Amino acid sequence: MAEVNWWTPERVERLTELWEGTDAAASQIGWILGCTKNAVIGKVQRLGLRARIIHTKPLPPPAPVIVFPTKGCLWADREPGDLDFAFCGKPVTKIGSPWCSDHRARVYVRSAPPKLKSAD
Ligand SMILES: [Zn+2]
């Protein structure tokens, strides 16, 4: 029994149209034609069709590396990544606090004293 070539002239023509005329991936073309991605790639190479340039999304810029100072207030008014990002750096006046007295006052807001029930 003679082996029948699966790649009929019609299939080759459709493959060429899809390969050169669309951005469809080899796997998508294979799905349309009813064969595998590897069959598409193999046939494209045998036909000598031009290589395709795959447009990939550019990678985002790397996240900025924040170096925490070993001394001084760690308050930052800007977002990491801003060009003028910096820590306050004023001396820390309370042991164990990451902030200077000004910024500690902004962080800790003293609540009103609880109201005492009046004994009627
Ligand atoms: Zn500060």
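None of these values were measured; they are calculated from a predicted model.

Reading the values: the criteria
- Residues numbered from 1 in each chain as written.
- Predicted model: local features only at pLDDT ≥ 70, side-chain atom pairs only at ≥ 80, totals over all residues.
- Helix = DSSP H or I, 4+ residues; strand = E, 2+ residues; numbered from the N terminus.
- Buried ≥ 20, exposed ≤ 12 C-beta atoms within 10 Å, placed from the backbone.
- Contact = placed C-beta atoms within 7 Å.
- Domains from an automatic or database assignment.
- Axes fitted to C-alpha atoms, helices over the stretch in contact; angles between N-to-C directions.
- Left-handed = near helix turned anticlockwise from the far one by under 90°.
- pLDDT = per-residue confidence, 0-100.
- Parallel < 35°, antiparallel > 145°, perpendicular 65-115°, else oblique.
- Nonpolar A, V, L, I, M, F, W, Y, C, P; charged D, E, K, R; others polar.

Engineer: Hey, could you run me through the overall build of the chain in this one?
Structural biologist: In terms of regular secondary structure, the chain is built from four helices and zero strands. Along the chain, helices (α) and strands (β) appear in the sequence α-α-α-α when read from the amino end. Along the first, second and third principal axes, the C-alpha atoms of the chain reach 105 × 50 × 25 Å. Residue burial in the chain is summarised as follows: out of 120 residues, 8% are buried. Here the contacts in the chain between residues at least 6 apart in sequence split such that 22% fall between residues at least 24 apart.

Engineer: Please clarify how the environment of Arg52 should be interpreted in this entry.
Structural biologist: In this fold, Arg52 is placed in the loop between helix H3 (37–47) and helix H4 (101–107). In sequence terms Arg52 and Glu17 are 35 residues apart; their C-alpha atoms lie 13 Å from each other.

Engineer: Could you clarify how one ought to interpret the domain arrangement of the chain in this entry?
Structural biologist: Size of an interface: often given as the accessible area lost when the parts come together. Here the domain parsing of the chain yields domain 1 (9–47) and domain 2 (63–110). Taking only C-alpha atoms into account, the centre of domain 1 sits 59 Å from that of domain 2.

Engineer: I keep staring at the packing of helix H1 (residues 9–21) against helix H2 (residues 26–33) and nothing clicks. Help me out?
Structural biologist: The packing of two helices is summarised by the inter-axis angle and the distance between the axes. Following both chains from N to C, one finds H1 and H2 inclined at 150 degrees, their axes separated by 11 Å at the closest point. Judged by the sense of rotation from one axis to the other, the crossing of H1 with H2 is right-handed. Every residue of H2 that contacts H1 at Arg11, Arg14, Leu15, Leu18 and Trp19 is listed here: Ile29, Ile32 and Leu33.

Engineer: It is not clear to me how the confidence of the model for the chain should be interpreted in this structure. Could you clarify?
Structural biologist: Reading predicted coordinates in detail is not appropriate for stretches of low pLDDT. When pLDDT is averaged along the chain, the result is 85; 93% of the residues meet or exceed 70. When mean pLDDT is compared element by element in the chain, H3 scores highest at 94, while H4 scores lowest at 91.

Engineer: Any chance you could explain the environment of Arg110 here in plain terms?
Structural biologist: Note that Arg110 resides in the segment after H4. With 6 C-beta atoms counted inside 10 Å, the residue Arg110 sits in the exposed group. Through-space distance from the C-alpha of Arg110 to that of Pro98 is 18 Å; in sequence the pair is 12 residues apart.

Engineer: I tried to follow the packing of H2 against H3 on my own but got confused; where do I start?
Structural biologist: Their axes nearest at 7 Å, the elements H2 and H3 cross at an angle of 100 degrees. Comparing the axis directions of H2 and H3 gives the class roughly perpendicular. Contact residues: Ala26, Ser27, Ile29 and Gly30 in H2; Lys37, Ala39, Val40 and Ile41 in H3. Residues belonging to the contact of H2 with H3 are distributed by class as follows: five nonpolar, two polar and one charged.

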